[in-house]
Amino acid sequence: MSTGDIEDVETFRQRARAWIRGNLAPLPAGSGIGVMRAGESDEAELAAVARQREIQRMFYDAGFAGIAFPREYGGQGLTADHQKAFSEEISGYEYPADIQAPTFSPCAAVLLDFGTEEQKRQHIPAILKGEELWMQFLSEPSAGSDVAAALTSAVRDGDDWILNGSKIWTTGAWWSDWGLVLARTNWDVPKHRGLTVFILPIHQPGIEVNRIEMLNGNKEFCQEYLTDVRVPDTDRIGEVDDGWTVGTRWMFHERMLHNSPLVTIPADGARGTIRATHLVEIARDAGRLEDPLARDLIGEGRMLDLVTHALQGRLSRGLRSGRMPDQSAAIGRLFTGVTAARTTTLSFNLAGGASAAWTDDDGATAECGNDFLLRQVSCIGGGTTEMARNVVSERVLGMPREPAKDRGIAFRDVPRGASNRG
Amino acid sequence: MLLELDPDQEVLREATARYLTDRVPTEKIRRLRNDVSGFEADYWRAGAELGWTSLLVAEEHGGGSISGAGLVDLTVAAHEFGLRAAPGPLVPTNVVAAALSAVGGAAHEAVLAGLLEGTAIASWGYAEPAPNDRLGTVELTCRVEGDEIVLDGVKRPVESAGVAQFLLVTGRGEAGLTQVLVPTDTPGVTVEPLRTVDLTRRFSSVRFDGARVPASALVGELGGAAEQVERQLQLALVILSAESVGAMQAAFDMTVQWAFERYSFGRPLASYQELKHRFADMKSWLEAAHAISDTAASAVGAESPDAPELVSAAKAFIGEYGVELLQDCVQIHGGIGVTFEHDLHLFLRRVVLDRALYGTPAEHRQRIAGVVEHLKERA
């Protein structure tokens, strides 16, 4: 990155502040709070996504889209500090929440790392304008945490590849445009060596998108069935059979989302979380703000917020300077998962009896029971905390790896469930 | 600890590390358990020459920072103290030196010079015994009588009071919170030693029965000490947190090494997933503790508006997770982890004691709640 001739962060911050206040609506109190709460209706969700595309376009036109993206792809060519300033200034105002993850990171981040020049020129500017929303076709119904055990296959056919299989836990696939796909291209080598990454438009013949209902009525996750989907070889990302190199980086970007210079996440936290300021609202609406036990829980929530933020900063600096190995990102994933689950418990406890039964008039205490039902989402989504613990102990601390029955043998011969167990 | 030290900070770290390794190896620390003061006068004097007591003191008083952020520099030394379970009144001496430099005026310049040289020891009389032992409660009275101030009440625990020549005492008068610097040989001042869990730090209960000091003993304004006391608390918490994180690091490193070397059922402990997952959790707490400790240090050093909640978050988090980490290290060591012979307890003692000093995690969580409740007003 060039130095010298870029706008200094403070001037940029002032410019961003003025623009945000002049163009974006303030968010109502408590918006975006809770653990994956169910939306009002499909129409409302589609309208919200449309508004987010519009805001992203406004960012682009005002020179705030892709703050740390290279200028040659339509970005601003500024630094992580500029992005951080923008994220701080946008706190409390509407922002394109659903476009940040996974469109900007990990998807656009992977494109920047591994895409061809042509791929980057085609997609990055469109992403920055809000014209393309991307999703991860990564997890599979049969694989759970074993991401490299993907069964979705890609078979070469002339200049194309033919994809078959099923992907799952794809957020918002029904209203998104493009998918980043991990597929198996070679069954005769160990699992990590036979994968390849592709990109494809989601809405095309051969792709059936089914929505999954979560236990609280939320339907943002989807499962897709791919039947003979044709992908040109020019839409391949990285080398054939080297998809795990891409995939490792892909998951790194996913774990580092909250530190990524590529995304706008307001300084007061991502959507779908319970923040300490909200714990105050819950306690107040439950009539127990003066209770020392309640204040202990509020203080714990805020403590965890502050510590999480400090930890993410330390990891981010350590990874950037190379003082920490890349795999240290798993430390952040583990800590944020456990912490978010704990904070959900705090809100459940603060809400008291309103966790059992409530009306919409109960204010911040409403829905705390439902949030608690979904508590473990923070320890499952984006890779389970158990996987993160393995990464920390094995890759960061260098402890012996768990024995695996699939190491060193062709994926074709790996046991995959009771039915084909030798 | 900071991920990157500047070269001058590295000099301080290195000199402190080398000095502590030479002077107070763990065998020496074990022998200190029967020592009345817990450290030797010449040990502290030489340490002061390395800069242990001058980093929070203004240049015109003979102090000065290394990097421009003296408190951050001091955490570099404090971390080494924790890492080696080293003795010495690092917290109280620095807190008093900072106070005398900031608001002590000319009257206390000689005492301050002694603290900088390490020839004098001063302690910080902050906490009070039950039922006044809640964070920040002050019942000790200081009454103005003519040219004198009369003190009545009890402070406890007071670190190193047995070897200190001076105590900075917080009392309450008609005008409000007041601080005075009291020589420990003042008539009416009684210092009674207490027992404690640590091998290196000594604490006393200090009783003031109509103890009289001249008005010149005032530190700051009569009745105007609330802000300076809050500042002192923040400084103490930052130094203490950095020490605790050092002790956590030492115990963690020692236990990781043990897990690689100790075999059970024909394989190293480090190969068991149950233990690996616990090490991963500990590693996440440890990095988080480093992060919040450093964040609090720079916020307090810069006197930024979020300093009160950050420093309480550091104390609450490190107090809670520090002792959990240490006890997990004991558990993974098994029986040997609860012996006097093994080094682990030196660090366990440090974090256990630090957890209990200057406000428990629960008290600091409630303090944070008070801040977060008014967060919107601040924004």
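Notes on the structure in this doc start here. Source: prediction; values computed, not measured.

**Here's the deal with the interface of chain A and chain B**
Where interface size is quoted, it is often the accessible area lost as the parts come together. Taken together, the contact between chain A and chain B spans 42 residues of the former and 43 residues of the latter. Both sides together, the interface formed by chain A and chain B hides about 3,500 Å², and carbon and sulfur atoms give 67% of it. The largest share of the area that chain A buries against chain B comes from A:M303, A:R314 and A:M399, three residues that together contribute 18% of it. Linking chain A with chain B are 9 salt bridges. In this structure, B:D294 engages A:R314 in a salt bridge whose closest nitrogen and oxygen atoms are separated by 3.6 Å. If you look at where chain A meets chain B, you find 12 residue pairs in polar contact (both at pLDDT 80 or more). Broken down by element, the side of chain A that touches chain B gets its largest block of residues, 17 residues, from helix α8 (residues 292-321) of chain A. Here the residues of the side of chain A that touches chain B are counted per class, giving 20 nonpolar, 7 polar and 15 charged.

**Some words on the packing of helix α7 (residues 226-261) of chain B against helix α8 (residues 273-301) of chain B**
Residue and element names in this part refer to chain B. Two elements in contact, α7 and α8, have axes whose closest approach is 9 Å; the angle formed by their N-to-C orientations is 155°. Classified by the angle their axes make, α7 and α8 are roughly antiparallel. Note on packing geometry: the crossing formed by α7 with α8 is left-handed. Its residues placed into classes, the contact of α7 with α8 shows 16 nonpolar, 7 polar and 2 charged.

**Re the pattern of salt bridges**
Taken as a whole and assessed by the stated rule, the structure comprises 62 salt bridges over all chains. It is possible to trace a salt-bridge network through shared partners that takes in A:E10, A:R13, A:R17, A:K84, A:E88 and A:E89.

**Some words on unusual backbone geometry**
Residue and element names in this part refer to chain A. Of note, the amide linkage connecting A101 to P102 takes the cis form, showing an omega dihedral of 5°. Note that P102 resides in helix α4 (residues 97-114). If you check the backbone angles, D228 has positive phi at about 50° while not being a glycine. Among the secondary structure elements, D228 is positioned in strand β7 (residues 221-232). The exposed category is assigned to D228, whose relative accessible area is 54%.

**Quick look at the environment of A:R230**
Residue and element names in this part refer to chain A. Inspection of the secondary structure puts R230 in strand β7. Distance from R230 to G332, taken between C-alpha atoms, is 38 Å for residues 102 residues apart in sequence. With near-sequence residues (within four places) excluded, R230 lies in contact with D157, D160, W161, I162 and Q204.

**Quick notes on the side chain of B:S312**
Residues and elements named next belong to chain B. Relative to the elements of secondary structure, S312 occurs in helix α9 (residues 307-333). Judged by relative accessible area, S312 falls into the buried class, the value being 0%. Setting aside anything within four residues of it in sequence, one finds S312 in contact with H364, R367 and I368.

**What to know about the layout of surface pockets**
Residues and elements named next belong to chain B. Considered as a void within the structure, the second largest pocket measures approximately 600 Å³ in volume. Surrounding the second largest pocket, 29 residues form its lining, A102, R231, L235, G301 and E303 being those nearest its centre. Only α4 (70-83), α5 (90-103), α7 and α8 provide two or more residues apiece to the lining of the second largest pocket. No other element matches α7, which puts 7 residues into the lining of the second largest pocket. Here the residues of the lining of the second largest pocket are counted per class, giving 13 nonpolar, 11 polar and 5 charged.

**Examining the environment of A:P325**
Turning to its location among the elements, A:P325 is positioned in the loop between α8 and α9 (329-351). Between the alpha carbons of A:P325 and A:L315 there is a distance of 9.7 Å; along the sequence they are 10 residues apart.

**Examining the nonpolar core**
General note: in soluble globular proteins, nonpolar side chains tend to be found buried as a group. Counting residues in hydrophobic clusters, the biggest one holds 142 residues, and the most contacted among them are B:Y43, B:F208, B:F279, B:I292, B:F317 and B:Y358. Element by element, the count of residues in this core is highest for α7(B), at 19 residues. Those residues in contact with B:I292, other than ones at most four positions away along the chain, are A:L306, A:V307, A:A310, B:L310, B:A313, B:A314, B:F317 and B:I318. Among the nonpolar cores identified, the runner-up in size contains 68 residues, and A:I90, A:I99, A:V110 and A:V229 belong to it.

Analysis parameters
Residues numbered from 1 in each chain as written. Chains lettered and ligands numbered in written order. Predicted model: local features only at pLDDT ≥ 70, side-chain atom pairs only at ≥ 80, totals over all residues. Heavy atoms only, no water. Contact = heavy atoms within 4.5 Å. Buried area = accessible area lost by both parts, 1.4 Å probe. Salt bridge = Lys/Arg side-chain N within 4 Å of Asp/Glu carboxyl O. Polar contact = N/O pair within 3.5 Å; in protein donor to acceptor, adjacent residues only side chain to side chain. Helix = DSSP H or I, 4+ residues; strand = E, 2+ residues; numbered from the N terminus. Nonpolar A, V, L, I, M, F, W, Y, C, P; charged D, E, K, R; others polar. Axes fitted to C-alpha atoms, helices over the stretch in contact; angles between N-to-C directions. Parallel < 35°, antiparallel > 145°, perpendicular 65-115°, else oblique. Left-handed = near helix turned anticlockwise from the far one by under 90°. Buried < 20%, exposed > 50% of the residue type's maximum accessible area, 1.4 Å probe, protein only. 1 Å grid on protein atoms, 1.4 Å probe; cavity = no way out; pocket = protein on both sides within 12 Å on 5 of 7 lines; lining within 4 Å. Points joined across faces, edges and corners; volume = space filled by probe spheres on them. Core = buried A, V, L, I, M, F, W, Y, C linked by side-chain atoms within 4.5 Å.

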